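Breakdown of the fold
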Amino acid sequence: QVQLVESGGGLVQPGGSLRLSCAASGTIFSIYTMGWYRQAPGEQRDLVAAITSGGRTNYADSVKGRFTISRDNAKNMVYLQMNSLKSEDTAVYYCNARRMGVGIKYEYWGQGTQVTVSS
């Protein structure tokens, strides 16, 4: 079982920055691909950014150049640095951990943290 706890959300003005953190426990963190997803009211949950165990990253087109995902395997942490925030970034942000086993996918979610971008 993997436990994921997000922190760092809040209210920020357009153009501002926030850094989300996700603390993982209960597993060998380094073997998991870690990701950040977000879900706005009435919308589906979408991938924002992901980072593999080897450090490869990918981003949604809407956040490229503004958001940066990183991980610290020694601390079992993953981060999302969000700059130049826009109102459309407002959503609940979820931390995700996933890996493939033999014929099975292991996937875990945090409880989410609210990010609100508003003046």
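Residues numbered from 1 in each chain as written. Predicted model: local features only at pLDDT ≥ 70, side-chain atom pairs only at ≥ 80, totals over all residues. Heavy atoms only, no water.

A closer look at the state of the cysteines
The condition is simple: The rule for a disulfide is simple: a pair of cysteine sulfur atoms within 2.5 Å. Runs of H or I in DSSP of at least four residues are treated as helices and runs of E of at least two as strands, each being numbered from the N terminus. Think of it in three bands: residues with accessible area under 20% of the maximum for their type are buried, residues over 50% are exposed, and the middle band is partly exposed, with areas taken using a 1.4 Å probe on protein chains only.
Under the counting rule described, the total for this entry stands at 1 disulfide. Two residues share a disulfide in this structure: Cys-22 and Cys-95, whose sulfurs sit 2.1 Å from each other. Here Cys-22 and Cys-95 share a disulfide; its torsion about the S-S bond, -85°, makes the bridge left-handed. In this pair, Cys-22 is assigned in strand E3 (residues 18–25) and Cys-95 in strand E9 (residues 91–100), connecting sequence segments 73 residues apart. With respect to burial, Cys-22 and Cys-95 carry one shared label: buried.

A short note on the environment of Arg-38
What counts is decided by this rule: Residues adjacent in sequence count toward polar contacts only when both atoms are side-chain atoms; beyond that, a polar contact is any pair of N or O atoms within 3.5 Å, and within protein one must be able to donate a hydrogen and the other to accept it.
Take Arg-38: it is sitting in strand E4 (residues 33–39). Residue class for Arg-38 comes out buried when judged on its relative accessible area of 15%. For the pair Arg-38 and Tyr-94, spaced 56 residues apart in sequence, the C-alpha to C-alpha distance is 5.9 Å. Engagement of the side chain of Arg-38 in a polar contact is seen with the side chain of Ser-62, the distance being 3.4 Å.

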